[in-house]
Structure formats: structure tokens, C-alpha cells
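Examining the three-dimensional arrangement
Listed below are the residues making up each chain.
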Amino acid sequence: MGDMTDVRPGARAREGGGNPVTPVPARTRDEARPPRLAPALGAAGQLTLLLLLATATGLGPAGWAAGLAVTAGTWAVLTRALDRTWPGAAPFGPANAVTLTRAALAGGVTALVADACAGRAPGGVLVALTAVALVLDAVDGRVARRTGTATAFGARFDMEADAFLILVLSVCVALSLGGWVLAIGAMRYAFVAAARVLPWLNGALPPSTARKAVAAAQGTALLVAASGLLPRPAAYAVVATALALLVWSFGRDVRWLWRTGAGRSA
């Protein structure tokens, strides 16, 4: 799912400064302990989903391998992120629980896509899991705002779950439409990699309704293409349009960051 230890790609908490480090009382350390049960529950839920998929679809070796890899990776990354960035003694919260459910569903989709890569038809189960995950994407943010539990960690967790699901869906659609579809899933990760070389890409972007709409369109377009409901030319057009919008959105944000960051420094 990517490194979730920072609020945004390349961001780092300021350290040092010459001030002595004050020992933290034992009680404060206990109160600030992150909710370690959440990653374990997420892993258990994902394993349960894999067992259900094995019963319903006869999950093959490739699916099991991919599903177990995602389960272990999600548990490890989430545990590390909680240890490093969890905000004090706050509970995990219902919004993060929804995002964790989406991450588990993405693991199930990954298992089905791996089976599809091995020559097994993914079927309607993949479409159903993806549809539920996309619907829940519109839920966790609202829950966080209504319950007053919105955090930088939750926003990053939500973003990583979105990015991983889009990556997996792009692999699925690429099997039928061609490797160019992988650009949709890879673009966000390419941006993260570029930000490690070009620090000005780490700048904070202003809120944008257009950016949110384009991001949501990616999952919808890939889901429609993966469902097989459209003829190939129509599916090609839908996914190509989604990719064009994504290129425009990233290009607009990069241009804004350059003008306000590197351009101003120059």
C-alpha cells in the first residue's frame, strides 16, 4: 500500500534543534500507545475474506499468494505507521475502521486479479468487491467529519487505500485492453518517487473539487471496463478518457507546485 509513515510524500517531522530530550513519564507513554489491535483485526478480516473467496470461486495458488502477501504487507505498514504517527491516545475510530475494511476488500480484489493473470476468469465477484470498496470510499471521510475524528493519519490511510485499489484495477483492465492502462495505477506512485528527488513536489496543494472528481472517475472507469458490460471500443474510450483526465489533473498540480515552490525559489 505504500509508506504511510508521513502525512504526504517525502514529508518528515522536524528533529533535533539542540534542545535536550525530556524523558516521557511512563503513564504518558502508555496513554500515547497506538491501537495495535486494529492491524490484527484487519489481517483477520482479510484472511476471512480470502477463505470466503476460496469457497465461492475456488481461489487458485496465485490468488492465495497475492492475497496473503497483501495481508502481511498491510499489517506491517499499518503497524509501522501507527507507531510513528498516531495522534496521542485517540481511539482508532469508525472512519479508520471503514478505511481498513476497504483495504481488506482491496486485498480480495488483488487475489482475484492474480488468479486472472494466471488464466482464471475473475467473474462477477471481483466487480462486486470493487463496487463495495468504491462506495465505502465516499463513507469514511464523511464519518470522520461527523464524528470529529479526522486526522492526518486517516487522510493518508484513505489515500493509500485508494491508490492501491486503483493500481490493482489497472492491472486487471490491462489484461484485456493493453499495458497502457497501467499508467493510471502507476501515476500516483511515480509522483511519490519523483517527490523524493524533487522536494518541491512535497508542497501542500489547495483543495480542489476537480481533483477529487478526477480521482473518483478512475475507479469508476476501471470498474466499468473490468465488468465486461461494454464492448471493447467503448471500454477503451472510457478508460482512455479517465487516463487523459488524470494526466491533466497531475499536470495542473505539478505546474502549481512548480510555480509556488521551485519557481519562487529560483
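The rules behind each value
- Residues numbered from 1 in each chain as written.
- Predicted model: local features only at pLDDT ≥ 70, side-chain atom pairs only at ≥ 80, totals over all residues.
- Heavy atoms only, no water.
- Helix = DSSP H or I, 4+ residues; strand = E, 2+ residues; numbered from the N terminus.
- Buried < 20%, exposed > 50% of the residue type's maximum accessible area, 1.4 Å probe, protein only.
- Contact = heavy atoms within 4.5 Å.
- Areas by Shrake-Rupley, 256 points an atom, 1.4 Å probe, with all protein chains shown as cover.
- Patch = residues over 30% accessible without salt bridge, like charges linked within 9 Å, V, L, I, M, F, W, Y side chains within 5 Å.
- Salt bridge = Lys/Arg side-chain N within 4 Å of Asp/Glu carboxyl O.
- Lys, Arg positive; Asp, Glu negative; His and termini not counted.
- Charge placed at Lys NZ, Arg CZ, Asp CG, Glu CD.
- Axes fitted to C-alpha atoms, helices over the stretch in contact; angles between N-to-C directions.
- Parallel < 35°, antiparallel > 145°, perpendicular 65-115°, else oblique.
- Nonpolar A, V, L, I, M, F, W, Y, C, P; charged D, E, K, R; others polar.
- pLDDT = per-residue confidence, 0-100.

**Observations concerning the overall build of the chain**
If you tally the helices and strands in the chain, you get 10 helices and 0 strands. When the helices and strands of the chain are read in sequence order from the N terminus, they spell out α-α-α-α-α-α-α-α-α-α. Taking all 266 residues of the chain together, 38% fall into the buried category. The contacts in the chain between residues at least 6 apart in sequence include a share of 81% that link residues at least 24 apart. In the form shown here, the chain has an accessible surface area of approximately 13900 Å², with 66% of it arising from carbon and sulfur atoms.

**Comments concerning a positive patch on the surface**
On the surface, Arg142, Arg145, Arg146 and Lys212 cluster together into a patch of positive charge. If one sorts the elements of the positive patch by residue count, helix α6 (residues 140-147) sits on top with 3 residues. Within the secondary structure layout, Arg146 lies in helix α6.

**Points about a nonpolar patch on the surface**
Residues Val224, Leu229, Leu230 and Val238 make up a contiguous nonpolar surface patch of about 320 Å² in total accessible area. Residue placement: Leu230 occurs in the loop between α9 (209-227) and α10 (232-265). The class for Leu230 is partly exposed, based on a relative accessible area of 33%.

**Considerations on the packing of helix α4 (residues 94-117) against α6**
Between α4 and α6, the least distance of the axes is 8 Å, while the angle of their chain directions is 170°. Our classification of the angle between α4 and α6 gives roughly antiparallel. In this structure, α4 contributes Pro94, Ala95, Val98, Thr99 and Arg102 to the contact, and α6 contributes Asp140, Val143, Ala144 and Thr147. Partitioning the contact of α4 with α6 into residue classes produces 5 nonpolar, 2 polar and 2 charged.

**Remarks on the confidence of the model for the chain**
Looking at the chain, pLDDT values average 84 and 84% of them are 70 or higher. Looking across the chain, the model is least confident in helix α1 (residues 26-31), with a mean pLDDT of 42, and most confident in helix α8 (residues 182-197), with 94. Across residues 5-31, confidence stays below pLDDT 50; counting only partners more than four residues off in sequence or on other chains, it has 24 contacts.

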